[in-house]
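Chains, contacts and geometry: an overview
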Amino acid sequence: MKYNINEGMCPDIGNTSEKRKRYHAEFKEMVVELYQTGTLVKQILIEYGLSETTFYKWIRKQKPVKVDDGGSFTPEEFLNLQKELHRLKEENEIFKKAMVIFAKK
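Not measured: the values here are computed from a predicted model.

1. Let's talk about the overall build of the protein
Check the secondary structure of the protein and you find four helices and two strands. Looking at the protein as a whole, 10% of its 105 residues are labelled buried. By sequence separation, contacts in the protein at least 24 residues apart represent 25% of the contacts at least 6 residues apart. By element, 56% of the accessible surface of the protein is carried by carbon and sulfur atoms, the whole surface being about 9,700 Å².

2. Thoughts on the packing of helix α1 (residues 25-36) against helix α2 (residues 41-48)
For the pair α1 and α2, interaxial distance at closest approach is 9 Å and the crossing angle is 150°. As far as their axial angle goes, α2 and α1 are roughly antiparallel. Here α1 runs over α2; the crossing is right-handed. Taken together, the residues of α2 that come into contact with α1 (itself represented by Phe27, Met30, Val31, Leu34 and Tyr35) are Val41, Ile44 and Tyr48. Residues of the contact of α1 with α2, tallied by class, amount to eight nonpolar, no polar and no charged.

Cut-offs applied
- Residues numbered from 1 in each chain as written.
- Predicted model: local features only at pLDDT ≥ 70, side-chain atom pairs only at ≥ 80, totals over all residues.
- Heavy atoms only, no water.
- Helix = DSSP H or I, 4+ residues; strand = E, 2+ residues; numbered from the N terminus.
- Buried < 20%, exposed > 50% of the residue type's maximum accessible area, 1.4 Å probe, protein only.
- Contact = heavy atoms within 4.5 Å.
- Areas by Shrake-Rupley, 256 points an atom, 1.4 Å probe, with all protein chains shown as cover.
- Axes fitted to C-alpha atoms, helices over the stretch in contact; angles between N-to-C directions.
- Parallel < 35°, antiparallel > 145°, perpendicular 65-115°, else oblique.
- Left-handed = near helix turned anticlockwise from the far one by under 90°.
- Nonpolar A, V, L, I, M, F, W, Y, C, P; charged D, E, K, R; others polar.

Below, the structure written as structure tokens:
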């Protein structure tokens, strides 16, 4: 919604009529790769019409974290591993309780 002073129209606060831009994972990876190869941030932001905040958020999400054994993973991969670990712990607790129930019979 455009703001027009002459007509006295003012957008409502919190109006969500304008849709947020959604980007595909491939596009995000391509933009981060451009950054990693040395392309200037300002040039990327202008060329692709991105906000600085969005751009740096994508970089943080894809920046690999190195571990002691020489491997690396992204924060997103780490989050997925934490979720999987939590799920497996819950399943393990269920199996333990089932073992107690079956052991009594």
